[in-house]
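What follows is the residue order along each chain.
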Amino acid sequence: KTNISSVLKNLGIQELNPAYSTGNHWAASSNAKTIDSYSPVDGKKIASVQVATADDYETVMKKAEEAFVFWRGLPAPKRGEIVRQFGDALRESKEDLGTLVSYEMGKSLQEGFGEVQEMIDICDFAVGLSRQLYGLTMHSERPNHRMYEQWHPMGIVGIISAFNFPVAVWSWNTALAWVCGNVCVWKPSSKTPLCAVACQHIIAKVLKANDMPEGISSLLIGNAVGDMMNNDKRIPLVSFTGSTRIGRMVSTAVAGRFGRSILELGGNNAIIISKDADIEMSIIGAVFGAVGTAGQRCTSTRRLIIHEDIYEDFKNRLVKAYGQLRIGDPLDQHNHVGPLIDVYAADMYTDAIEKGKKEGARFVVEGGILSGDQYSSGCYVKPCVAEVENHYEIVQEETFAPILYLIKYKTLEEAIALQNGVPQGLSSAIMTLNLREAEQFLSAAGSDCGIANVNIGTSGAEIGGAFGGEKETGGGRESGSDAWKAYMRRQTNTINYANTLPLAQGIKFDL
Ligand code: UN1
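Computed from a predicted structure; not experimentally measured.

A. Spatial organisation of the overall build of the chain. Each helix and strand in the chain was counted, giving 14 helices and 24 strands. The C-alpha atoms of the chain give 24 Å as radius of gyration, which agrees with the globular expectation for 511 residues (24 Å, within 12%). Over its C-alpha atoms, taken along the principal directions, the chain stretches across nearly 80 × 60 × 35 Å. Per-residue burial over the chain gives 53% buried out of 511 residues. Taking all contacts inside the chain whose residues are at least 6 apart in sequence as the whole, residues at least 24 apart take part in 73%.

Structure (structure tokens):
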């Protein structure tokens, strides 16, 4: 049985944690309010954190501004060395941090460990990247001229993260932002503040061991912080992960001051199950995609678009597979599905089911909130499955819960149109052994999502690729590939080593 109090102790979490940290310095204004963090696993209070005030915010921003002047002067590979050590520190803390993620957020222990593994992986990626922040060189049209481009750090990067990936999303942003020469200020979800406190302790130790100044990694707790960041000209880049509704506000506020944002918003991800699919694989992919993290990933599978010839058979197998799901304490590795984040999320799940029924959804696996000793937190719900039509309002929305919708199709063109026929554009997949179908799905006339997979479900992307999506998902890309470019400013340089000053475009200007 997991000993939570020793996990908390190992991670430096106290009963009452300060509202902000600039590294090793932790504090709060004297008038600080507090947030209590309750575990959805057993409904118990884990610990509290203070809420940052506007004064706290100013203190953090001053430190961050000072730290940036130092940090941008450190060669990128040296910054990479700090990130390498951070990755090592995460390896040491993997068990504790993964357990806290599972306990505070409610995802299964395996997924908690998986999340910390994503942090370790992005650190490794960022270390390599610290020697590969390449710009291009170009041939000038003028003799004895040289043109090239460089990538410079931007300054303070604001990171606003969601409860569902309470540690990994921060690390994707911060590991890249740091090697790029930026300093980071993090506002975590108020539903999972302790995971953030734990991460900040881990990085603070690494920074201290390297005699780094305060302000390279800062943490600020409380919802008001988000607004302060969005409207603050000192923050050239805000990376926001969360709902489309809030994302729209972030994007408008940041764009209004000509700042940049990286938006990772809602998904409404579908798997097309072709009649040429490997059915066994498809069942596993669909069920994990729909019930993993209790349907609270932005990449969770929300819709299955199934070929009419195999529809009934697939539905029956799915119902059977759902019958085998074990719902309960996510720290118990025998269980497949843990709780939702809180009772409000459980309410939204119930509302979505009701709304769906009114619109005509036929549930083939019934949902419901679970009760009894084991489920006393009130956050455990039954994963459910409904036959629907794609145009139902509820099907067009992202409900952060394990509700899976089934839709029937005849032709691949129709399936692709259904898959694309939602406002969101994050992740998508096709299960098929038919090469023509797979390629058509991946072509310009295929999926309109940022992620399109073949014979893999919609969730569980690797860090090496760029992560993000189109349309109401916000268009941002994080993590692998060249996502680092979003954290830097590009500068084009032209150098003249001639004895004359020829003008571009052949313009003559003699004095
Ligand atoms: C999210 O849900 O915000 O692809 C991120 C996945 C994970 C990340 C999900 N690697 O499912």
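B. Examining unusual backbone geometry more closely. For Ala294, which is not glycine, the phi torsion reads 50 degrees and is therefore positive. When you line up the elements, Ala294 lands in the loop between helix 9 (279-291) and strand 14 (301-307). For Ser479, which is not a glycine, the phi torsion comes out positive at approximately 75 degrees. As for its placement among the helices and strands, Ser479 is situated in strand 23 (residues 478-479).

C. Molecular detail of the sheet that holds strand 4 (residues 34-38). Pairing in this open sheet of three strands is mixed, and the strands run 1-5-4 from one edge to the other. Both edges of this open sheet fall to strand 1 (16-17) and strand 4, since each of them pairs with a single strand only. Sheet analysis places strand 1 next to strand 5 (residues 45-50), joined by two bridges and oriented parallel. From the neighbouring strand, Asn17 faces strand 5, where its bridge partner is Val49.

D. Layout of the environment of Cys184. Here Cys184 shows up in strand 9 (residues 183-187). Note on Cys184: 26 C-beta atoms within 10 Å, which makes it buried. Along the primary structure Cys184 and Gly215 are separated by 31 residues, whereas in three dimensions their C-alpha atoms are 7.9 Å apart. If we skip the residues at most four places from it in the chain, Cys184 touches Val157, Ile159, Thr174, Ala177, Trp178, Ser217 and Ser218.

E. The arrangement of the UniProt feature "domain: Aldehyde dehydrogenase" (unreviewed entry) in the chain in detail. Within this structure's numbering, the places UniProt gives as "domain: Aldehyde dehydrogenase" (unreviewed entry) are residues 26-492. Within residues 26-492, the helical portion is 39% and the strand portion 21%, while the C-alpha atoms at the span's ends are 40 Å from each other.

F. The arrangement of the confidence of the model for the chain in detail. For the chain, per-residue confidence averages 97 on the pLDDT scale, and residues scoring 70 or more make up 100% of the total. Two numbers describe this predicted complex: its pTM, 0.97, and its ipTM, 0.96.

G. Quick peek at the UniProt feature "active site" (unreviewed entry) in the chain. According to UniProt, the feature "active site" (unreviewed entry) maps to Glu264 in the numbering used here. Among the secondary structure elements, Glu264 is positioned in strand 12 (residues 260-264). Sequence-distant contacts of Glu264, that is, excluding residues within four places in its chain, are made with Thr241, Cys298, Gly468, Gly474, Gly476 and Glu478.

H. Fine view of helix 5 (residues 168-179). In this model, helix 5 (12 residues) spans 17 Å end to end at C-alpha, consistent with the 16 Å of a helix rising 1.5 Å per residue. Buried residues dominate helix 5, accounting for 12 of its 12 residues. Residues of helix 5 that are buried: Ala168, Val169, Trp170, Ser171, Trp172, Asn173, Thr174, Ala175, Leu176, Ala177, Trp178 and Val179. Following helix 5 by one or two positions, Gly181 adopts a phi angle in the positive range, close to 100 degrees.

I. Highlighting the site of the ligand. With respect to spatial proximity, the complete set of residues near the ligand consists of Glu118, Asn164, Phe165, Val169, Thr241, Arg297, Cys298, Thr299, Ser459, Gly460 and Ala461. Here the residues of the shell around the ligand are counted per class, giving four nonpolar, five polar and two charged.

J. Inspection of the sheet that holds strand 7 (residues 145-153) at higher detail. Read from one edge of the open sheet, three strands run 6-7-24, paired in antiparallel fashion. Looking at strand neighbours, the two that pair on one side only are strand 6 (137-138) and strand 24 (488-496), the edges of this open sheet. Examined bridge by bridge, strand 6 and strand 7 share two bridges and lie antiparallel to one another. Within the sheet, the bridge partner assigned to Met138 lies in strand 7 and is Met147.

K. Fine view of the packing of helix 3 (residues 76-105) against helix 5. Two elements in contact, helix 3 and helix 5, have axes whose closest approach is 8 Å; the angle formed by their N-to-C orientations is 150 degrees. The angle between the axes of helix 3 and helix 5 places the two elements in the roughly antiparallel class. Along the contact surface, helix 3 presents Ala76, Arg79, Gly80 and Val83, while helix 5 presents Ala175, Trp178 and Val179. For the contact of helix 3 with helix 5, the class distribution of residues is five nonpolar, one polar and one charged.

L. Geometry of helix 4 (residues 109-129). Between its first and last C-alpha atoms helix 4 spans 30 Å; for 21 residues at 1.5 Å apiece the expected length is 30 Å, and the two agree. With 15 of its 21 residues buried, helix 4 lies for the most part within the structure.

The rules we used
Per chain, residues are indexed from 1 in the order of the written sequence. In view of the model being predicted, local features appear only for residues whose pLDDT reaches at least 70, and side-chain atom pairs are presented and counted only at 80 or more, with totals across whole chains, interfaces and linings using the full set of residues. Strands here mean DSSP runs of E at least two residues long; helices mean DSSP runs of H or I at least four residues long; both are numbered from the N terminus. This radius of gyration counts C-alpha atoms alone. The globule rule is 2.2 Å times how many residues there are, raised to the power 0.38. Between the buried cut of 20 or more and the exposed cut of 12 or fewer other C-beta atoms within 10 Å of a residue's own C-beta lies the partly exposed class, and all C-beta atoms are placed from the backbone. Any pair of residues counts as being in contact when their C-beta atoms, constructed from backbone geometry, are within 7 Å of one another. By definition, two strands form a pair when at least two bridges between them are found by DSSP. UniProt positions are given in the numbering used here, feature names are shortened, and annotations may be inferred rather than shown by experiment. For every residue, the predictor reports its confidence as pLDDT, a number between 0 and 100. A helix is expected to span 1.5 Å for every residue after the first. We call a residue near a molecule or strand when its C-beta atom, built from the backbone, sits within 6 Å of it. Note on residue classes: Ala, Val, Leu, Ile, Met, Phe, Trp, Tyr, Cys and Pro are nonpolar, Asp, Glu, Lys and Arg are charged, and everything else, Gly too, is polar. Every axis corresponds to a line fitted to the C-alpha atoms, with the helix fit spanning only the stretch in contact, and the corresponding angles, defined between N-to-C directions, vary from 0 to 180 degrees. Throughout this description, any angle smaller than 35 degrees is read as roughly parallel, any larger than 145 degrees as roughly antiparallel, any in the 65 to 115 degree range as roughly perpendicular, and the remainder as oblique.

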